[in-house]
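What the coordinates show
Here are the chains, one letter per residue:
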Amino acid sequence: QVQLVETGGGLVQAGESLTLSCAASGRIFRINDMAWYRQAPGKQRELVAAITRSSTTTYADSVKGRFTISRDNAKNTINLQMNSLKPEDTAVYSCNADVRDSYIGGYQPYWGQGTQVTVSS
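Residues numbered from 1 in each chain as written. Predicted model: local features only at pLDDT ≥ 70, side-chain atom pairs only at ≥ 80, totals over all residues. Heavy atoms only, no water.

Section: the overall build of the chain
Helix and strand content of the chain: zero helices and 11 strands. When the elements of the chain are put in sequence order from the N terminus, they spell out β-β-β-β-β-β-β-β-β-β-β. Taken over C-alpha atoms, the radius of gyration comes to 14 Å for the chain, in line with the 14 Å a tight globule of 121 residues would show. Projected onto the principal axes, the alpha-carbon positions of the chain cover approximately 50 × 25 × 25 Å. Counting all 121 residues of the chain, 37% fall into the buried class. For the chain, contacts bridging at least 24 residues in sequence account for 56% of all contacts bridging at least 6. Of the roughly 6,500 Å² of accessible surface on the chain, 46% is carried by carbon and sulfur atoms. Considering the chain, the positive charge centre built from 12 side chains and the negative charge centre built from 10 side chains are found 5 Å apart. (Helix = DSSP H or I, 4+ residues; strand = E, 2+ residues; numbered from the N terminus. Rg over C-alpha atoms; globule rule 2.2 N^0.38 Å. Buried < 20%, exposed > 50% of the residue type's maximum accessible area, 1.4 Å probe, protein only. Contact = heavy atoms within 4.5 Å. Areas by Shrake-Rupley, 256 points an atom, 1.4 Å probe, with all protein chains shown as cover. Lys, Arg positive; Asp, Glu negative; His and termini not counted. Charge placed at Lys NZ, Arg CZ, Asp CG, Glu CD.)

In structure tokens, the structure reads:
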């Protein structure tokens, strides 16, 4: 099995920064795309940022210019550097990864348990 563990959430004031990290472990042959999603109370889960294995990135319009996603393929980790945080960034942030567990298998999506980010005004 594969586990994704997020760290780095917390409570910050508007304008401050926070970095989230996600580490994948377990039966991993190769990881393809990785991403951060978030879900605020009463809202649908939304894609925040995604990164391919070759580090091509995609961002939600609401976070462009403020958030930066990065990855380390050797360590099977991704980070999300969040700057100039706003109250509307408050949500549970979850890590997602497409993982192949053997050379003959296909890619399967895995999710972390989520980490709370709260931005006070």
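Observations regarding the pairing of strand 11 (residues 115-120)
Residues Thr115, Val117 and Val119 of strand 11 are buried on one face, while the alternating residues Gln116, Thr118 and Ser120, pointing to the opposite face, are not. Where strand 2 (residues 10-13) lies against strand 11, four bridges are found, and the strand directions are parallel. Bridged to Gln13 within strand 11 is Ser120. Relative to strand 11, strand 9 (residues 91-100) runs antiparallel, the two being bridged by three bridges. Residue pairing for strand 11: Tyr93 is matched across the bridge by Thr115. (Pairing = 2+ DSSP bridges.)

Considering the environment of Ile31
Relative to the assigned elements, Ile31 resides in strand 4 (residues 30-39). Every residue in contact with Ile31, bar those within four places of it in the chain, is listed here: Ala24, Arg53, Arg71, Asn76, Ala97, Asp98, Val99 and Tyr107.

A closer look at the nonpolar core
By size, the foremost hydrophobic cluster in this structure holds 30 residues, and its most contacted members are Trp36, Val48, Phe67, Leu80, Met82 and Tyr93. Broken down by secondary-structure element, the contributors of at least two residues to this core are strand 1 (2-7), strand 3 (18-26), strand 4, strand 5 (46-51), strand 7 (67-72), strand 8 (77-82), strand 9 and strand 11. When residues in this core are grouped by element, the largest group, five residues, is from strand 9. Not counting the four nearest positions on each side in its chain, Leu80 is found in contact with Leu18, Thr19, Leu20, Trp36, Val48, Ala49, Phe67, Thr68, Ile69 and Tyr93. (Core = buried A, V, L, I, M, F, W, Y, C linked by side-chain atoms within 4.5 Å.)

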